[in-house]
Amino acid sequence: MTKGSVRLFQPAVMTGFRRGQRCQETHTSLLKIKNVQTKEDVEFYLGKRVAYVFKGKNKVSQVRSAQNPKLKSRVRVMWGRVTRAHGNSGAVRAKFAKSLPGQAMGKKVRVYLYPSRI
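A. Main features of the pairing of strand 1 (residues 9-19). Across 5 bridges, strand 1 lies against strand 6 (residues 108-112) in antiparallel orientation. Across the sheet, Phe 9 pairs through a bridge with Tyr 112, a residue of strand 6. The sheet contact formed by strand 1 and strand 2 (residues 24-33) spans 7 bridges and is antiparallel. Opposite Phe 17, over in strand 2, you have Ser 29 as the bridge partner. Connecting the antiparallel pair strand 1 and strand 2 is a turn made up of 4 residues.

B. The environment of Gln 37, seen in detail. Tracing the chain through its elements places Gln 37 in the loop between strand 2 and helix 1 (39-42). Along the backbone, Gln 37 and Gly 90 are 53 residues apart, and their C-alpha atoms lie at a distance of 4.6 Å. Discounting chain neighbours no more than four positions away, the residues touching Gln 37 are Lys 32, Asn 88, Ser 89 and Gly 90.

C. Quick look at the pairing of strand 3 (residues 49-61). Pairing of strand 3 with strand 4 (residues 72-86) involves 9 bridges; the strand directions are antiparallel. Across the sheet, Val 53 pairs through a bridge with Val 77, a residue of strand 4. With 2 bridges joining them, strand 3 and strand 6 adopt antiparallel strand pairing. Looking at strand 6, one finds that Ala 51 is bridged to Arg 110.

D. Examining the sheet that holds strand 3 more closely. The sheet built from 6 strands closes into a barrel, its strands ordered 1-2-5-4-3-6 with antiparallel pairing. Averaged over all adjacent pairs, the angle separating strand axes in this sheet is 45°, with direction ignored.

What counts as what
Residues numbered from 1 in each chain as written. Predicted model: local features only at pLDDT ≥ 70, side-chain atom pairs only at ≥ 80, totals over all residues. Heavy atoms only, no water. Pairing = 2+ DSSP bridges. Helix = DSSP H or I, 4+ residues; strand = E, 2+ residues; numbered from the N terminus. Contact = heavy atoms within 4.5 Å. Axes fitted to C-alpha atoms, helices over the stretch in contact; angles between N-to-C directions.

Below is the structure:
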């Protein structure tokens, strides 16, 4: 047995926002999850948490830095959840606490493998 690290997320790409012919709804993001090809494959990922990890301009204190208040980082995270399938080709819709920015289109997001529904 190897002592490699275990990845607790499945990579995905934010492909855009939910939209109609003329208007787009920025409160719902569309994601394409790796190795998900059909609507039946999406069933496993419903309710899973999604993280968009990015770097901000300034270093800020981290949330859990009570032991070391000088600990600062540029890394930020926006959290969301997979809500339902979008179409038949394995794309999913996700809602985030605050809508993702337009710069996130085409960027990587992480679909974590929790909470479990098994």
